[in-house]
Amino acid sequence: METKKILDQVKPLFDNGAITWIGQNLKYDMLILKWYGMELKGPVFDTMLAHYLIAPYGRRSMDLLSAQYLSSDPVHIDALIGKKGNTQVTMRYVHLDKSNSNAADYADLTQQLKQFFFPFLPKK
């Protein structure tokens, strides 16, 4: 399985407890990793869960959170893979330059959301 081969190559990163993992809906990514027998060893911060703790009601998509809290309008996934339906493709068919740029933008926005939400979270 090609996915497993790729994950095996980056497993040393997942096993590094010194790395803090920050993501939007990171709990989902962690579930997928678990299906492949892997887990993130370091601390985690999920911007979607953080927003839930701050404002339990409403929607939490990256696009909405970025617009609401960062005044940013990222490239929507539909612009890359098409609208839902028969013509929509997977990210596998998106040119690498476009998918890399989109991933970098989303990583940056996720980091910015973490910085924005962190001060509002309950302290231990």
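Refer to the structure printed above.
Asker: How do you make sense of the pattern of salt bridges when you look at a structure like this?
Answerer: Note that side chains of opposite charge can pair when their charged atoms are close. Under the definition given, this model contains two salt bridges. Across the pair D8 and K4 runs a salt bridge whose closest N-O atoms are separated by 3.0 Å. One end of the pair, D8, and the other, K4, are both in helix α1 (residues 2-14), four residues apart, so they sit about a helical turn from each other. By relative accessible area, K4 is classed as partly exposed at 30%. Between D15 and K11 there is a salt bridge whose closest N-O contact spans 2.8 Å. The exposure class of K11 is partly exposed, given its relative accessible area of 30%.

Asker: Could you clarify how one ought to interpret the nonpolar core in this entry?
Answerer: Note that soluble globular proteins tend to have their nonpolar side chains buried in a common cluster. In terms of nonpolar packing, the biggest core is built from ten residues, these being F45, A50, M62, L65, L70, Y106, L109, L113, F117 and L121. Looking at this core, the elements with two or more residues in it are α4 (62-70) and α6 (96-117). In terms of residue count, the dominant contributor to this core is α6 (four residues).

Asker: For this particular structure, what's the right way to read the packing of helix α3 (residues 47-54) against α6?
Answerer: For any two helices packed against each other, the geometry is given by the interaxial angle and the distance between the axes. Running from amino to carboxyl end, α3 crosses α6 at an angle of 30°, the nearest separation of the two axes being 10 Å. Classed by the angle they form, the pair α3 and α6 counts as roughly parallel. Between α3 and α6 lies a crossing whose hand is left-handed. Judged by residue contacts, T47, A50, H51 and I54 of α3 engage T110, L113, K114 and F117 from α6.

Asker: Can you walk me through the environment of N25 in this structure?
Answerer: The topology assignment puts N25 in the loop between β1 (21-23) and α2 (26-35). Residues N25 and A50, 25 residues apart in the sequence, show an inter-C-alpha distance of 9.8 Å. With near-sequence residues (within four places) excluded, N25 lies in contact with D46 and M48. Among the polar contacts made by the side chain of N25, one reaches the side chain of K27 at a distance of 2.9 Å.

Calculation rules
- Residues numbered from 1 in each chain as written.
- Predicted model: local features only at pLDDT ≥ 70, side-chain atom pairs only at ≥ 80, totals over all residues.
- Heavy atoms only, no water.
- Salt bridge = Lys/Arg side-chain N within 4 Å of Asp/Glu carboxyl O.
- Helix = DSSP H or I, 4+ residues; strand = E, 2+ residues; numbered from the N terminus.
- Buried < 20%, exposed > 50% of the residue type's maximum accessible area, 1.4 Å probe, protein only.
- Core = buried A, V, L, I, M, F, W, Y, C linked by side-chain atoms within 4.5 Å.
- Axes fitted to C-alpha atoms, helices over the stretch in contact; angles between N-to-C directions.
- Parallel < 35°, antiparallel > 145°, perpendicular 65-115°, else oblique.
- Left-handed = near helix turned anticlockwise from the far one by under 90°.
- Contact = heavy atoms within 4.5 Å.
- Polar contact = N/O pair within 3.5 Å; in protein donor to acceptor, adjacent residues only side chain to side chain.

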